[in-house]
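Summary of the model geometry
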Amino acid sequence: MSSSCTPICAFKERFYTFRSDDAKSVSSDGSTFSVSFGNKDPSWADVRNVKISAVRATIWWTVPNLQQTSIYITFVIPSADSSMTTVNQIINVEVKIPKGLYGFGALNTLIDDALFAQNVPRGTFSLYADYATQKISLAFKWPGYVRFGSSELATVLGFLKPQQTAFAPTDAQRVQVVEDGEAVEWSGVNTQYNAPIPGWSSSGAFMKRIVAPYHARFDHVQYFNIQSNLADGGLYGNNGVAQNVIAQVLIDRLVGEQIVYDPNIPIELGTTAFSNGSWPTTGTFTLLDDKFRECDTNGQPWTITIRLQQVA
């Protein structure tokens, strides 16, 4: 449906549907768009007290969990020269990760391709997922070390504690602590996870695993918030400030599928923008994650249907 404002219901109640790809203006990440309400509705002049609610929304579950980044792997291979002096062969492998929505399997595919390009056998380094503990291990068959190119990557893999907020708590934020034998927390791009393998030889079968200190967070968003400047007050977000959130959308679809928000009892908020005979010329809608951060929609459109309703 077009983002033009054509009422589709009776007097004192109006429904409007807007699409991000058919809006007046859209942010570069697709999270925010503005719409025009056009000329004032003459029949709305005597309306005093109005509530706004989101009665439907559609969102594609394609929000990236990683922006462009890299995993930097260095293998340190001991060998002996003719004088029996131990020397190290250094092999550097950069695993380039484009922006996208990833699971550990997709990351392992990128790792294998990067290893193969440097004449290193596939699987020499990999990510191992322990479903019982929900933690990732860095698995080395050759001695070496690894670095992560961003805090976002470290968080997804469980090497950095997720952002804490009282308004979007998760078990990972509330109760997890670094246990004995687990890796130290990531503290920057120079943080290095070393995997020495004593007694290693090219003819043997060796494995060294470095266990992440926190749960993996490939499911980086638990639910979406939809915010509008047309609403007054609403849910409180970061720093205890009202966020003008008109909908909380649970993620109940698989990656790549469309989420449909169709609540039986939608959130209703006051709207001075439409009360006391007022009629705004424009309105703005923003898609936020569960921590009230703007979402990168990865080029996919999203829609919102609002209801304006006079109340006593």
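See the structure shown above.
Conventions used here
- Residues numbered from 1 in each chain as written.
- Predicted model: local features only at pLDDT ≥ 70, side-chain atom pairs only at ≥ 80, totals over all residues.
- Heavy atoms only, no water.
- Pairing = 2+ DSSP bridges.
- Helix = DSSP H or I, 4+ residues; strand = E, 2+ residues; numbered from the N terminus.
- Axes fitted to C-alpha atoms, helices over the stretch in contact; angles between N-to-C directions.
- Contact = heavy atoms within 4.5 Å.
- Core = buried A, V, L, I, M, F, W, Y, C linked by side-chain atoms within 4.5 Å.
- Buried < 20%, exposed > 50% of the residue type's maximum accessible area, 1.4 Å probe, protein only.
- Salt bridge = Lys/Arg side-chain N within 4 Å of Asp/Glu carboxyl O.
- Phe/Tyr/Trp six-rings, centres within 6.5 Å; stacked < 30°, edge-to-face > 60°.
- Lys NZ or Arg CZ within 6 Å of the ring centre and 35° of its normal.
- Expected span 1.5 Å × (residues − 1).

Turning next to the sheet that holds strand E8 (residues 135-140). In spatial order, the strands read E7-E8-E11; together these 3 strands make up an open sheet with antiparallel pairing. Each having just a single partner strand, strand E7 (125-130) and strand E11 (208-211) make up the two edges of the open sheet. Averaged over all neighbouring strand pairs, the angle between strand axes comes to 30 degrees, with direction disregarded. Note: E8 against E11, 4 bridges, orientation antiparallel. Each bridged residue has a counterpart across the sheet, and for Leu138 the counterpart in E11 is Ile210. Along the sheet, helix H1 (residues 104-117) contacts E7 and E8; its crossing angle with E7, the most-contacted strand, is approximately 165 degrees.

Let us now look at the sheet that holds strand E3 (residues 32-36). An order of E2-E3-E16-E12-E13 is seen for the 5 strands of this open sheet, with the pairing classed as antiparallel. Edge positions in the sheet fall to strand E2 (25-26) and strand E13 (245-250), since each has one partner strand and no second. Where E3 lies against strand E16 (residues 282-288), 5 bridges are found, and the strand directions are antiparallel. Each bridged residue has a counterpart across the sheet, and for Phe33 the counterpart in E16 is Phe285.

Judged by nonpolar contacts, the single largest core of 39 residues is most densely connected at Ile73, Leu138, Phe148 and Phe159. Listing elements by their share of this core, those giving two or more residues are strand E5 (69-80), strand E6 (86-97), H1, E7, E8, strand E9 (144-148), helix H2 (151-156) and strand E10 (193-195). Residues Phe33, Val35, Ala231 and Leu308 belong to the second largest nonpolar core, which totals 34 residues.

Mapped onto the elements of the fold, Asp130 is located in strand E7. When its relative accessible area of 28% is taken as the criterion, Asp130 is described as partly exposed. Expressed as a C-alpha distance, the spacing of Asp130 and Ala216, which sit 86 residues apart in the sequence, is 9.7 Å.

Attention now moves to the pattern of salt bridges. Across all of its chains, the model carries 9 salt bridges by this definition. Note that Arg19 and Asp21 form a salt bridge whose closest N and O atoms lie 2.8 Å from each other. You can call Asp21 partly exposed: its relative accessible area is 48%. The salt bridge partner of Arg293 is Asp289, with a shortest N-O separation of 2.8 Å. Looking at Asp289, the relative accessible area reads 5%, which means it is buried.

Tallied over the full model, the rule gives 16 aromatic pairs. Taken together, a centroid distance of 5.8 Å and an interplanar angle of 35 degrees make the contact between Phe33 and Phe285 tilted. Highlighted residues: Phe33 in strand E3 and Phe285 in strand E16, separated in sequence by 252 residues. By the burial criterion, Phe33 is buried, and Phe285 matches it. By way of ring pairs, the aromatic residues Tyr16, Phe18, Phe33, Phe37, Phe274, Trp279, Phe285 and Trp302 are connected into one cluster. The ring of Phe116 carries the charged tip of Arg122 above its face, separated from the ring centre by 4.4 Å. For the cation-ring pair, Arg209 lies above Tyr128, with the distance from its terminal atom to the ring centre recorded as 3.8 Å.

With that out of the way, let us pick up H1. An ideal rise of 1.5 Å per residue puts 20 Å on 14 residues; H1 measures up with 20 Å between its terminal C-alpha atoms. One or two positions beyond H1, positive phi appears at Asn119, with a value near 60 degrees.

This paragraph deals with the side chain of Arg307. Positionally, Arg307 belongs in strand E17 (residues 303-310). If we skip the residues at most four places from it in the chain, Arg307 touches Glu13, Arg14, Phe15, Lys51, Ile52, Ser53, Val55, Pro266 and Glu268.

With respect to the secondary-structure elements, Leu254 resides in the loop between E13 and strand E14 (258-261). Accessibility expressed as a relative area gives 61% for Leu254, which makes it exposed. Expressed as a C-alpha distance, the spacing of Leu254 and Trp60, which sit 194 residues apart in the sequence, is 9.8 Å.

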